[in-house]
Amino acid sequence: MARTRSTGGAPVVEQPAIETDSVAGWLERNARAFPDKPAVIHPDSRGSDGYRTITYGELQRTVEDLGRGFRSAGITRGTRTVLMAPPGPELFALCFALFRVGAVPVVVDPGMGVRRMLHCYRAVGAEAFIGPPLAQLVRVLGRRTFAAVRVPVTLGRRRLGRGHTLTALRTAPATGSRADAAAPTGGDDLLMIGFTTGSTGPAKGVEYTHRMALSIARQIEEVHGRTRDDVSLVTLPFYGVLDLVYGSTLVLAPLAPARVAQADPARLVDALERFRVTTMFASPALLRNLAGHLTGPARGHHPLPDLRCVVSGGAPVPDTVVAALRRVLDEKAKIHVTYGATEVLPITSIEAAEILGDDDVRTDREDADADADAEAEAEAEAGPEAVAASGAGTAARSAAGEGTCVGRPVPGTRVTIVPVTDGPLARLDSTTGLPAGRVGEILVHGDSVSRRYHRAPQSDAAHKVTEERPDGEDSRIWHRTGDLGHLDAEGRLWFCGRAVQRVRTGYRDLHTVRCEGVFNAHPLVRRTALVGIGPAGAQRPVICVEIETGTGQGGGGGQGGAALDESGWTELVAELRTMAEAHAATTGLHEFLRHPGFPVDIRHNAKIGREELARWAERQQARSASSPARRAARIVPLAGWAYLVGGAVCAATGSAPDVPVLRWLWWIDAFLSIGVHAAQIPLALPRGRAAGHGTAAVVGRTMLYGATWWRAL
């Protein structure tokens, strides 16, 4: 509420104080401090290569208008609200408007598929639904899932069925009362519910509070030196929310969020240069793509002098990618690799100099510019492995099977390692932790850790641990990450893989990332994946291998190894077996399978779908025993198509025999070859993608061969 104060003359109306422990309050504070500053720069939705700009003042006015509309529609404090909107200024306005009225956005990755999304929404029991017409159609058809929804809001000007349109809510009249002010939220009030990807289990709803979100912002600010003067390239919407809290300018990257690995690197470089971007977060898949462009023979001259900070995470970042970026970016640029989870972000961070073990990886700028052409040719030939090998940092230890070093815990976050257990861990005390060098499960505590899952007591029991403190101190809640790792003598954390993905043989447990680090050091290998075949405790370890394309950088995803023939593959397997015997972590590994392109997660396009790969590897083993019979079986659908086409040609030319049985057989063949094969496509797609085939290839081969093809994958 406004107050007045005397200045010796006319009274001056003071603006109400802004709650700075509220996420929405920080945006309002920034809008008042610099209303004309660009807040969001985004690609023009009309399809051109241009961009449009929204200032802080414009964004805050939109947020206030939407807040009034939400209140009038019944979306108020505590209302769990499904939010489905494409990345853009409208998404950020919707988020902050919901924060402003105290409502709780529910965010789910659309790339996880309709069935899993519906499971997430059903678990939350959402009361409001904001989305485009197509999403509203899904809501209408899924009445049981969305039975609690009482306020549907359709993006755009037209609504589907009952409810409201966003356009109408935006024009709701101001009342001039306290109802138009921001709701008094902050601290431990629920801010949003964000779901995990569910890549290694059921997706879980993570509760974010205002305190947790602002703690994340402070930690990133301290570790990566963020300021309000930054211009940030955003590839994940959550980081855009943090940019608006900092008061910096965010540039939405020109890419499809579910296909970051296929982003056009030339357009990314254009955005980095055009807006003088100073900091960016990108997944390892996107950085690999960008590094390949910047170091390729036709890279041009892109020093990116304004880019001072590059941050990557979401999956282990290849040392080769870090080395390639260090070689081409400006000497003042820092490259940070972070480790975190949906439940806690960030946990640790490490800079490129420590990974590569050389503070002077890049040569002098003038020499590098003079030798640019020769340098590009050498990199295309040898790949960035040669750059990574030039240092003696954590990258060298990763290649020896120690795992991936992800750095030291960020300020305010504590990490401990406990013995691996597949069941609940009821209590934690001073004797539970493992000493340095011992691999166990990673546990995390701090203000940036989510204390609970939403309406999921079983998940809380499995993933949250209470530590009772002496002398009456408050107990601590630790989060079980489900990741394996160890601490070294310097307090650095080494990531070794997921606990549920460890391969449990009859004689020892094998850790995925430790083993893969050994084989990933080979210059012909793009990446590898350790999987187990058989029951836990008696699994047979198999290494799936994705080969480099021959460019030295690898592709964006899916067709690795096209240039390596069978004799080359045989030689490579022999070399990989020799490497395996040279390291304790990989001794005894001798089975290798070549894969055209690993399945990856939908959020970062970088986490390997090892469960899918394990099923694929098991089918490959069975297929090798019966491949002649399977190939012979494909003659049947091919004969059916030949009969179908031949009959159609005869009918068209008037030369078809007048035999009713042949006509009936033709129609039965048409039903089987077209109808039945088409019906199998939904079943074939998951197997085809796991085997590295694109959607078009899966559809085409399923229509041609039917189950004789996809069931053999």
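As shown above, the structure is provided for reference.
Residues numbered from 1 in each chain as written. Predicted model: local features only at pLDDT ≥ 70, side-chain atom pairs only at ≥ 80, totals over all residues. Heavy atoms only, no water.

**Student:** Outline the pattern of salt bridges, listing residues and values.
**Tutor:** According to the stated counting rule, one finds 32 salt bridges in the structure shown. A salt bridge links Asp189 to Arg77, with the nearest nitrogen and oxygen atoms 3.4 Å apart. With Asp189 in the loop between α6 (166-170) and β10 (190-195) and Arg77 in the loop between α2 (56-73) and β5 (80-83), this residue pair connects regions lying 112 residues apart in the sequence. For Arg77, a relative accessible area of 45% corresponds to the partly exposed category. With a shortest N-O distance of 3.6 Å, Arg452 and Glu207 are connected by a salt bridge. Of this pair, Arg452 sits in the loop between β21 (440-446) and α17 (457-463) while Glu207 is found in strand β11 (residues 205-209), placing the two residues 245 residues apart along the sequence. What makes Glu207 buried here is its relative accessible area of 12%. Here the salt bridges share partners, and the residues they tie into one network are Glu354, Arg408, Asp488, Glu490 and Arg492. (Salt bridge = Lys/Arg side-chain N within 4 Å of Asp/Glu carboxyl O. Helix = DSSP H or I, 4+ residues; strand = E, 2+ residues; numbered from the N terminus. Buried < 20%, exposed > 50% of the residue type's maximum accessible area, 1.4 Å probe, protein only.)

**Student:** Tell me what's going on with the packing of aromatic side chains, and back it up with residues and numbers.
**Tutor:** Scanning the model with the defined rule gives 11 aromatic pairs in all. Ring geometry for Tyr51 against Phe275: centres 4.9 Å apart, planes inclined by 80 degrees, an arrangement best described as edge-to-face. Here Tyr51, found in strand β4 (residues 51-55), pairs with Phe275, found in the loop between α9 (265-274) and β14 (279-282); they are 224 residues apart in sequence, far enough to count as distant. Residue class for Tyr51 comes out buried when judged on its relative accessible area of 16%. (Phe/Tyr/Trp six-rings, centres within 6.5 Å; stacked < 30°, edge-to-face > 60°.)

**Student:** Hey, could you go over the sheet that holds strand β29 (residues 592-594) for me, with residue numbers and the actual values?
**Tutor:** Overall, mixed pairing links the 3 strands, which are arranged β27-β28-β29 in an open sheet. Pairing within the sheet leaves two strands with one partner each, and these edge strands are β27 (525-533) and β29. Strand-to-strand, the axes of this sheet are offset by a mean angle of 30 degrees, without reference to chain direction. As paired strands, β27 and strand β28 (residues 540-547) are joined by 8 bridges and run antiparallel to one another. What sits directly across from Ala529, in β28, is Cys544. (Pairing = 2+ DSSP bridges. Axes fitted to C-alpha atoms, helices over the stretch in contact; angles between N-to-C directions.)

**Student:** Break down the pairing of β10 for me, citing the residues and quoting the values.
**Tutor:** Successive residues of a regular strand alternate their side chains across the two faces of the sheet. Of all 6 residues making up β10, 5 are buried, and the element is well covered by its neighbours. In the sheet, β10 pairs with β11 via 5 bridges, with the strands oriented antiparallel. Bridged to Gly194 within β11 is Val206.

**Student:** Tell me about empty space enclosed by the protein, and name the residues and values.
**Tutor:** Tallied over the entire structure, the rule returns 4 cavities of 30 Å³ or more. There is about 140 Å³ of room inside the largest cavity. Arg226, Ser232, Tyr239, Thr279 and Phe281 are the residues nearest the centre of the largest cavity, which is lined by 15 residues in total. Taken together, the elements giving at least two residues each to the lining of the largest cavity come down to α7 (210-224), β12 (231-234), α8 (237-246), β14 and β15 (309-312). Ranked by residues supplied to the lining of the largest cavity, first place goes to α8 with 4 residues. (1 Å grid on protein atoms, 1.4 Å probe; cavity = no way out; pocket = protein on both sides within 12 Å on 5 of 7 lines; lining within 4 Å. Points joined across faces, edges and corners; volume = space filled by probe spheres on them.)

**Student:** Go over the nonpolar core with me, naming the residues and quoting the values.
**Tutor:** Among the nonpolar cores identified, the biggest contains 60 residues, and Val23, Phe70, Leu94, Phe99 and Leu244 are the most heavily contacted of them. It is helix α3 (residues 89-101) that provides the largest number of residues to this core, a total of 10 residues. By size, the runner-up hydrophobic cluster in this structure holds 43 residues, among which are Leu233, Leu286, Val322 and Ala352. (Core = buried A, V, L, I, M, F, W, Y, C linked by side-chain atoms within 4.5 Å.)

**Student:** Could you give me a rundown of the environment of Thr413, with the residues and numbers involved?
**Tutor:** Counting through the fold element by element, Thr413 comes out in strand β19 (residues 413-418). Those residues in contact with Thr413 that sit more than four places away from it in its chain are Gln219, Pro346, Ile347, Val444, His445 and Ser448. One polar contact links Thr413 to Gln219, side chain to side chain, over a distance of 3.1 Å. (Contact = heavy atoms within 4.5 Å. Polar contact = N/O pair within 3.5 Å; in protein donor to acceptor, adjacent residues only side chain to side chain.)

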